[in-house]
Amino acid sequence: MPERDRITSTDVAHVARLACLDLTDEEVEEYTVQLRDVLEYADVVAALDTAGIPPTAHPLPLVNALREDEPRPSLDRDEVLAMAPEVENGRFRVPRILGEAP
Amino acid sequence: MAESPASWETVVGLEVHCELRTETKLFCGCRNAFGEEPNTNVCPVCLGLPGSLPVLNRRAVELAMAIGEALHCEIRPSLFHRKNYFYPDMPKDYQVSQYDEPINVDGWLELPDGTRIGIVRAHMEEDTGKSTHMGGGGRIHDAAYSLVDYNRAGVPLVEIVSHPELRSGEQARQYVSELRAILVATGASDGKMEEGSLRVDANVSVRPAGSDAYGTRCEVKNLNSLRSLGRAIEHEAIRQARVWEAGDVVKQETRHWDEANDRTVAGRSKEEANDYRYFPEPDLLPLAPSEEWLARVRSSLPPMPAARRARLAELAGTEPREVATVVDLQLDHLVLAAADAGADANLAVRRVTNEVAADPVRARQLDAADFAKLVLLEAKGALTPTQAKQVLAEMLDGGGDPEAIARDRGFEAMDLGALTTVLDQAIAAHPDEWERLRDGDQKLMGFFVGQVMKATRGQADGRAVSALLRQRGR
């Protein structure tokens, strides 16, 4: 892998933040090494000449797996809400949201 | 509506989210319904419970293809991706959407004035749940907590993205109005902006008139009517122009339209926009509609609004914009029935536009054959315009045969003899006015027609009275 494409600790810290993972500096360093090793496996594939070969979207040789537009029973609401830590008026109650919907 | 300063050009691109009118959600068999008890249409798939697997809804794909076809898009093989983010409106922590391989690309929409607006893409995705912010006046920043209903999570959407080719709030309004009519015609949407089944975000920027460069854009949200769309864009353009003119820099950000105060307010800054870490959804296979399937969708498409306007305008001998109301309200069948019955299509258009359209709900129950009959009666002079309107009002109220209604009301065309008698009485009662009319004061025509109308309680045909007056006056 060319040096400029190598994963850095900055990349790992950024992805960890996006995934809401709280990593220590030591963990960031550790995962940077591990992820770098994982990505180096990809170099084996990257070395192949893939010019003119369409990208593989899915390992299965199938398309158009569809179902008919027919309703099926939903879950019982009490059962659903029983899974939540907090409930109010038939809705899931969540802590105040900072920021806005994407 | 406020004008943008002449030295600035407004540039607008729109993103329109259209909820598809399917029976069920995009990836599960939960019902797609508005206004039901919260969290009653949910299952392991749309709640994102571990181990659940999505299966794509065939009807949703067909409606997406119909939209692509109606917008002259290229309909292509497509893929679904996961758009990852943490927010309680999606319990899975991602939204399934089409990213770099959308189903529809490169289309266009023609505005009623003939301007073509390019469509970048129209892709499929799932809707999110609905949050209600509690406390702090319902505003997200001041709320104490939020409540979430997942009935809407997983409802199929098509997002239609235009090129930034719109140049004013009014043009954006026309675009959405036409798009809505097209979406309703394809059967894909109920077009109800007020229920959120059609949602519009506007990317707005300004640039010095004559420039080809794009200025920094702001995304304006919360545009839930055609009126607020037009006004929000005009106000946002003026705000940006003032920022530039003051020597400041417009920041790229999301802004919300504040209808009550006629302004947009800053929201999340786009520079901090999330990195959504899109990756292909491993639980869904690629979509590749066959030529046969595409041909079936294409052949089942009904005529689009522009074609319907052209047809009615041709029948009625008017401009297409004059029949726009008829098409917007899906009342074409009334005019077509009248024309088929040999009645005056122009009169039919006027009766639909002026009388029937005033009550769109009842209008849909109006029997087309009865309407055609009414137009015929008016056209041949058996009913005066005033009488025809009264009969039509009763038809809209409870339906019925216009001839029977006219008979019950005693609306019989007055024969010439009876009309002459009434006119003679009017002349005898107003000799001075009659003298002035004979001397050429044409304003007195209206006076005498009015007198006869009054005496006959609107039953006389105004045109017949005018004709009689002209004969007498000679």
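Here the structure is shown first, and the text comes after it.
Quick notes on the rules
- Residues numbered from 1 in each chain as written.
- Chains lettered and ligands numbered in written order.
- Predicted model: local features only at pLDDT ≥ 70, side-chain atom pairs only at ≥ 80, totals over all residues.
- Heavy atoms only, no water.
- Helix = DSSP H or I, 4+ residues; strand = E, 2+ residues; numbered from the N terminus.
- Buried < 20%, exposed > 50% of the residue type's maximum accessible area, 1.4 Å probe, protein only.
- Contact = heavy atoms within 4.5 Å.
- Areas by Shrake-Rupley, 256 points an atom, 1.4 Å probe, with all protein chains shown as cover.
- Lys, Arg positive; Asp, Glu negative; His and termini not counted.
- Charge placed at Lys NZ, Arg CZ, Asp CG, Glu CD.
- Salt bridge = Lys/Arg side-chain N within 4 Å of Asp/Glu carboxyl O.
- 1 Å grid on protein atoms, 1.4 Å probe; cavity = no way out; pocket = protein on both sides within 12 Å on 5 of 7 lines; lining within 4 Å.
- Points joined across faces, edges and corners; volume = space filled by probe spheres on them.
- Polar contact = N/O pair within 3.5 Å; in protein donor to acceptor, adjacent residues only side chain to side chain.
- Axes fitted to C-alpha atoms, helices over the stretch in contact; angles between N-to-C directions.
- Parallel < 35°, antiparallel > 145°, perpendicular 65-115°, else oblique.
- Left-handed = near helix turned anticlockwise from the far one by under 90°.
- Nonpolar A, V, L, I, M, F, W, Y, C, P; charged D, E, K, R; others polar.
- Pairing = 2+ DSSP bridges.

A. Molecular detail of the overall build of chain B. Counting secondary structure elements, chain B contains 16 helices and 15 strands. If one aligns the C-alpha atoms of chain B with their principal axes, the spans along those axes are about 90 × 55 × 45 Å. Of all 474 residues assigned to chain B, the portion counted as buried reaches 50%. Here the analysis covers contacts within chain B between residues at least 6 apart in sequence; of these, 67% occur between residues at least 24 apart. Carbon and sulfur atoms provide 48% of the accessible area of chain B, an area that totals close to 21,200 Å². Side-chain charges of chain B comprise 56 positive and 73 negative groups, with the mean position of each set lying 2 Å from the other.

B. Representation of the pattern of salt bridges in the model. Using the criterion set out here, one finds 40 salt bridges over all chains in the structure. With a shortest N-O distance of 2.8 Å, Glu68(A) and Arg58(B) are connected by a salt bridge. Taken as a pair, Glu68(A) in the loop between strand S1 (66-67) and helix H3 (77-81) and Arg58(B) in helix H1 (residues 58-70) lie in two separate chains rather than in one. Two residues, Glu236(B) and Arg255(B), come together in a salt bridge whose shortest N-O distance is 3.4 Å. With Glu236(B) in helix H3 (residues 226-245) and Arg255(B) in strand S13 (residues 253-258), the pair connects residues that are 19 residues apart, well separated along the chain. Judged by its relative accessible area of 0%, Glu236(B) falls in the buried class. Through salt bridges that share partners, Glu236(B), Arg239(B), Lys251(B), Glu253(B) and Arg255(B) make up one connected network.

C. Representation of empty space enclosed by the protein. Scanning the entire structure with this criterion turns up one cavity of 30 Å³ or more. What the largest cavity holds in volume is close to 40 Å³. Residue lining of the largest cavity: Ala57(A), His58(A), Leu79(B), Phe80(B), Pro280(B), Glu281(B), Leu284(B), Leu285(B) and Pro286(B), and that is the complete set.

D. Expanded view of the side chain of Ser78(B). Residues and elements named next belong to chain B. Looking at where Ser-78 falls in the secondary structure, it is placed in the loop between strand S3 (74-75) and strand S4 (81-84). Overall, Ser-78 belongs to the buried group, its relative accessible area being 1%. Here the side chain of Ser-78 touches Gln-98 through a polar contact of 2.9 Å, side chain to side chain. Beyond its immediate sequence surroundings of up to four residues, Ser-78 is in contact with Gln-98, Glu-101, Pro-102, Ile-103, Pro-286 and Leu-287.

E. Geometry of the packing of helix H2 (residues 169-186) of chain B against H3(B). All names here are of chain B. Where H2 contacts H3, the axes come no closer than 8 Å and their chain directions differ by 150°. In terms of orientation, H2 and H3 fall into the roughly antiparallel class. In terms of crossing hand, the pair formed by H2 and H3 is right-handed. For the pair H2 and H3, the contacting residues are Gly-169, Glu-170, Ala-172, Arg-173, Val-176, Ser-177 and Arg-180 in the first and Leu-226, Leu-229, Gly-230, Ile-233 and Glu-234 in the second. Residues that form the contact of H2 with H3 fall into these classes: five nonpolar, three polar and four charged.

F. Quick peek at the sheet that holds strand S2 (residues 87-88) of chain A. Within the open sheet, the four strands sit side by side as S2(A)-S3(A)-S9(B)-S8(B). Their pairing is antiparallel. Every other strand in the sheet has two partners, leaving S2 of chain A together with strand S8 (130-134) of chain B as the edge strands with one partner each. Note: S2(A) against strand S3 (residues 91-95) of chain A, two bridges, orientation antiparallel. By the bridge assignment, Val87(A) is partnered in S3(A) with Phe92(A).

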